[in-house]
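Residue-level structural notes
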Amino acid sequence: MKKYAYCNCIYINNNKTDTTYLDSKFQLSDKSENLFLDLGEISDTESAKIRKFTEKQTKDLANIESSYHSETGTSNTITADCFNFYESKALDSYIKEIVNGKKSK
């Protein structure tokens, strides 16, 4: 579930910074999110909850200006910021809530 949230964070925030992100052949062929859904046996309801939580927790990542130089003139640290989100206590706690809710059913 955490890996799914991580992939979703990257997708959400890169899409905010680059409207052509979804047009790239790489993005269209990358099915990591699907893999994590299957491996984690994540239901549609759970994936919707995780996406909503991820969007709320990481909504400002695309707006953070990076101090690192890029040949294009703009740069970001979305992948690193999403990894920090992946390792966060907030995500750990939220995933535990989902898992515990799943076990009690």
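Everything discussed here concerns the structure shown above.
Residues numbered from 1 in each chain as written. Predicted model: local features only at pLDDT ≥ 70, side-chain atom pairs only at ≥ 80, totals over all residues. Heavy atoms only, no water.

**So, the pattern of salt bridges**
How we decide: Here, a salt bridge means any Lys or Arg side-chain nitrogen found within 4 Å of an Asp or Glu carboxyl oxygen. In this description a helix means any DSSP run of H or I spanning at least four residues, a strand means any run of E spanning at least two, and both kinds are numbered starting from the N terminus.
Under the defined criterion, the tally for this structure stands at 1 salt bridge. Two residues, lysine 2 and aspartate 92, come together in a salt bridge whose shortest N-O distance is 2.6 Å. Residue lysine 2 is located in helix α1 (residues 2-17), and its partner aspartate 92 is located in helix α6 (residues 89-103); the two are separated by 90 residues in the primary sequence.

**Examining the side chain of serine 47**
Rule in force here: Note on exposure labels: buried denotes an accessible area under 20% of the residue type's maximum, exposed denotes more than 50%, and partly exposed covers the range between, all computed with a 1.4 Å probe on protein chains only. Contact between two residues is taken to exist if any of their heavy atoms lie within 4.5 Å; hydrogens are not considered.
In this fold, serine 47 is placed in helix α4 (residues 44-58). We classify serine 47 as buried; its relative accessible area is 5%. Excluding residues within four positions of it along the chain, serine 47 makes contact with Tyr4, Leu37 and Ile42.

**A few points about the state of the cysteines**
Disulfide: a covalent bond formed between the sulfur atoms of two cysteine residues. Just so we agree on the cut-off: For this text, the term disulfide refers to a pair of cysteine sulfurs within 2.5 Å.
Within the structure shown, the criterion is met by 1 disulfide. Paired by a disulfide, cysteine 9 and cysteine 82 hold their sulfur atoms 2.1 Å apart. Sign of the S-S torsion, about -80 degrees for the bond between cysteine 9 and cysteine 82, identifies this disulfide as left-handed. Residue cysteine 9 is located in helix α1, and its partner cysteine 82 is located in helix α5 (residues 78-86); the two are separated by 73 residues in the primary sequence. Free of any disulfide, cysteine 7 has its nearest cysteine sulfur in cysteine 82, 9.6 Å distant.

**Some words on the packing of α1 against α5**
Threshold: Between N-to-C directions, angles span 0 to 180 degrees; the directions come from axes that are lines fitted to C-alpha atoms, helices contributing only their stretch in contact. Here is the rule for angles: anything less than 35 degrees is roughly parallel, anything more than 145 is roughly antiparallel, 65 through 115 is roughly perpendicular, and the remaining ranges are oblique. Handedness of each helix crossing follows the sense of rotation of the near helix against the far helix: counterclockwise by less than a right angle gives left-handed, clockwise gives right-handed. Under the scheme applied, nonpolar residues are Ala, Val, Leu, Ile, Met, Phe, Trp, Tyr, Cys and Pro; charged residues are Asp, Glu, Lys and Arg; polar residues are all the others, including Gly.
Orientation of α1 relative to α5, taken along the N-to-C sense of each, is 150 degrees, at an axis distance of 9 Å. What the angle tells us is that α1 and α5 run roughly antiparallel. Of the two elements, α1 crosses α5, and the hand of that crossing is right-handed. Within the contact between the two elements, α1 uses Lys2, Lys3, Ala5, Tyr6, Cys9, Ile10, Asn13, Asn14 and Thr17 and α5 uses Ile78, Thr79, Cys82, Phe83, Phe85 and Tyr86. The residue makeup of the contact of α1 with α5, split by class, is 9 nonpolar, 4 polar and 2 charged.

Nothing here speaks to function; it is geometry throughout.
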